[in-house]
Amino acid sequence: MTLQIIYILTAILLSAVCGFIAIPLIMDFCQKKGLYDQPNSRKIHKNAIPRLGGISFLPSMLLASVIMIIFYNDQFIEDQVMISLWSVGFFISLLIIYTTGIVDDLIGLGAKTKFSAQAIAACILPLFRLYINNLYGFFGIYEIPFWIGAPLTVFIIIFVCNAINLIDGIDGLSGCLSLYSLTGFLICFFREGMVPYCLLIAGLMGVLIPFLYFNIFGNAEKKRKIFMGDSGSLTLGFILGFLFVKFTMENPNVKHFSLDSMVLAYTLLIVPVFDVVRVSLVRIRHHKPIFNADKNHIHHKLMRTGLNQHQALICILALALFYSLLNYVLNEYFFLSTIVLVDIAVWIIFHQVVNCCIRAKGEPVFLAPPTTY
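Residues numbered from 1 in each chain as written. Predicted model: local features only at pLDDT ≥ 70, side-chain atom pairs only at ≥ 80, totals over all residues. Heavy atoms only, no water.

Our next topic: the state of the cysteines. Counted by the stated rule, this structure contains 0 disulfides. Residue Cys161 stays outside any disulfide, its sulfur separated by 13 Å from that of Cys123, the closest cysteine. Counting only cysteine sulfurs, Cys315 is the nearest neighbor of Cys176, a cysteine outside any disulfide, at a range of 14 Å. Classification of Cys176 as buried rests on a relative accessible area of 15%. (Disulfide = S-S within 2.5 Å. Buried < 20%, exposed > 50% of the residue type's maximum accessible area, 1.4 Å probe, protein only.)

Here is the structure:
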C-alpha cells in the first residue's frame, strides 16, 4: 500500500510540474493573441485576464496518469492489461467536452451548441455500459433498469458539468471545490482498491495546484493571472460527473454493493449542485429565464455581505467541509433520503442567515440580471 501511495503522489507531482511549465506559456500566448476575459457588469474582476488556463488540464492529467498507470501495471499486474469498452467511451466523451470548451474560449459558442455537445458526450457513457444502476435505498429505490439509469446518468453528467461551470465566478472557487471533490473521490476509490482510477484523479489534482497558484495569487497587472475558462470548468465538471457515476455504479467485477457509496459521492458535489438548483428556483420565482446569467450565486451573495473574494472562497470551502463531516456522522444512523433532507435544511438555514446579513448591509438579496453584458 505504501508503494501505491508513492505512485499516486508521484502522479500529482508530475502533473503539477507540467502545469507550472504549461500555464506561463499559455499566459504568454494569450497576451500575444489578445485572448482575454473582459470585465463587464456581471463579472467581478476589473482587469482583462487570460482565460485559457483549462487547456493545460487534460494534457497534464493524461501525461502524468498514463505514465504512472504504465509503471503501476508493470509492478502489480502480471497479466496483459485490456482496455475496457467504457474506458474508450470515457476518453471519447472527454475529448468532445475538452474540445468544446477550447472552441468556446477561443471564438465563443452558443448555449445550445455547448449543451448539444455535452448531451452527446454524456450519452456515450451509457452506450458503452457505464450508467447508474443502483440508488442504494434513496427513497426506497435500489436496483434500477438501464432504461431508467441511462437517462438519469446523462442528466447527472450534464448537470454536474454545468454546476462546476456556473460556480466559476470568483478566484479559485471552481478549482478549489473541484480539488476538494477530487480528493474525496481519491480516498473513495483508494479505499476500494481501485488504484488506476486514483492515478487518473491524482493527475488532475496535480495540475490544479499551479492553476490555483496563478489564479488566486497571480498579478493581473503583470499579466501573471489566469482563468480556467470553459475548457477547464467543463472538463472538471465532466470528470467529476463521471467519477460520481463510476463510484455509484454497482459492478461486482469492480466494486461490490455498498450502502454508503451514494452518500459519499453525493456529498462531494453538494455545494455546486445545490447552488445551481437554488439559483434556478430563485430565477423562476422572480419570473426570470433560468438560463440568463446573473449575480445571485452563493459567492455573489457572500460578497454582498461585505466579504472579499478570498473570504467568500474560504467560507464556501468551509461549508463544503462541514457537509462532509455532517454526512459522515449522519451516515452512521440514517438512510440517504433523510440525509438529503437534512442537507437541504442546512442549505436553507445558511442562506437565510446570509440574506439577513445582506439586508443589514442595505444590499438587495436578489439582483435581476442585466439586460446587456
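Looking now at a nonpolar patch on the surface. A grouping of Val277, Leu281, Ile284, Ile290 and Phe291 is seen on the molecular surface, where their side chains present a nonpolar patch of about 520 Å² in accessible area. Counting through the fold element by element, Phe291 comes out in the loop between helix H10 (270–285) and helix H11 (298–304). (Patch = residues over 30% accessible without salt bridge, like charges linked within 9 Å, V, L, I, M, F, W, Y side chains within 5 Å. Areas by Shrake-Rupley, 256 points an atom, 1.4 Å probe, with all protein chains shown as cover. Salt bridge = Lys/Arg side-chain N within 4 Å of Asp/Glu carboxyl O. Helix = DSSP H or I, 4+ residues; strand = E, 2+ residues; numbered from the N terminus.)

Moving on: helix H8 (residues 229–248). Here H8 is 20 residues long and its end C-alpha atoms lie 29 Å apart, about the 28 Å a rise of 1.5 Å per residue gives. Most of H8 is tucked away: 20 of the 20 residues are buried. (Expected span 1.5 Å × (residues − 1).)

Next up on the list: the packing of aromatic side chains. Two aromatic rings, taken as a pair, are described by how far apart their centres are and by the angle between their planes. If you walk through the whole model with that rule in mind, you get 20 aromatic pairs. With a centroid separation of 5.7 Å and 85° between ring planes, the pair formed by Phe274 and Trp347 is classed as edge-to-face. Here Trp347 lies in helix H13 (residues 336–360) and Phe274 lies in helix H10, a separation of 73 residues in the sequence. Trp347 shares its class with Phe274; the two are buried. Through successive ring pairs, a cluster of aromatic residues spans Tyr266, Phe274, Phe322, Tyr323, Trp347 and Phe350. (Phe/Tyr/Trp six-rings, centres within 6.5 Å; stacked < 30°, edge-to-face > 60°.)

Attention now moves to the side chain of Thr235. Topologically, Thr235 is positioned in helix H8. With residues near it in sequence (within four places) discarded, Thr235 still touches Leu94, Ile97, Tyr98 and Asp230. (Contact = heavy atoms within 4.5 Å.)

A few words on helix H6 (residues 173–191). End to end, H6 covers 27 Å across 19 residues, agreeing with the expected 27 Å (1.5 Å per residue, within 8%). Two residues or fewer past H6, Gly193 is found with a positive phi of approximately 75°.

What follows concerns the side chain of Asp343. Relative to the helices and strands, Asp343 is located in helix H13. This buried residue, Asp343, is left without a salt bridge; Arg278 holds the nearest opposite charge, at 15 Å. Side chain to side chain, Asp343 and Tyr266 meet in a polar contact 2.7 Å long. Dropping the residues within four chain positions of it, Asp343 is found in contact with Tyr266, Ile270, Phe274, Tyr323, Leu326 and Asn327. (Lys, Arg positive; Asp, Glu negative; His and termini not counted. Polar contact = N/O pair within 3.5 Å; in protein donor to acceptor, adjacent residues only side chain to side chain.)

Our focus in this paragraph is the nonpolar core. Within the largest apolar cluster, 104 residues are counted, with the highest numbers of intra-cluster contacts made by Phe90, Phe185, Phe189, Phe238 and Phe244. Per element, the largest residue contribution to this core is 15 residues, and it comes from helix H7 (residues 195–217). (Core = buried A, V, L, I, M, F, W, Y, C linked by side-chain atoms within 4.5 Å.)

On to the environment of Ser181, then. Of note, Ser181 is situated in helix H6. Exposure remark for Ser181: the relative accessible area of 2% places this residue in the buried category. Each C-alpha atom of the pair Ser181 and Tyr266 lies 9.9 Å from the other, and the pair is 85 residues apart in sequence. Among all residues touching Ser181, those that are not within four sequence positions of it are Leu240, Leu268 and Leu269.

A separate point is the pattern of salt bridges. The full count for this structure, using the stated rule, is 6 salt bridges. The partner of Lys114 in a salt bridge is Asp104, and the shortest N-O contact between them spans 3.4 Å. One end of the pair, Lys114, is in helix H4 (residues 111–127); the other, Asp104, is in helix H3 (residues 85–107), and 10 residues separate them in sequence. For the pair Lys114 and Asp104, one class covers both residues: buried.

A few words now on the packing of H6 against H8. Where H6 meets H8, the closest approach of the two axes is 11 Å, and the angle between their N-to-C directions is 25°. With respect to H8, the element H6 is oriented roughly parallel. Handedness of the crossing formed by H6 with H8: left-handed. Listed contacts from H8 to Ser178, Ser181, Leu182, Phe185, Cys188, Phe189 and Arg191 of H6 are Leu236, Leu240, Leu243, Phe244, Lys246 and Phe247. Split by residue class, the contact of H6 with H8 holds 9 nonpolar, 2 polar and 2 charged. (Axes fitted to C-alpha atoms, helices over the stretch in contact; angles between N-to-C directions. Parallel < 35°, antiparallel > 145°, perpendicular 65-115°, else oblique. Left-handed = near helix turned anticlockwise from the far one by under 90°. Nonpolar A, V, L, I, M, F, W, Y, C, P; charged D, E, K, R; others polar.)

Take the pairing of strand S3 (residues 134–138) next. In regular strands, side chains alternate between the two faces of the sheet. Across the 5 residues of S3, 4 count as buried, placing the element largely inside the fold. Bridge analysis of S3 against strand S4 (residues 141–143) gives 2 bridges, and the strand direction is antiparallel. What sits directly across from Asn134, in S4, is Glu143. Between the antiparallel neighbours S3 and S4 lie 2 residues, among them Phe139 with a positive phi of about 50°. (Pairing = 2+ DSSP bridges.)

Worth remembering: the numbers are spatial, not functional.
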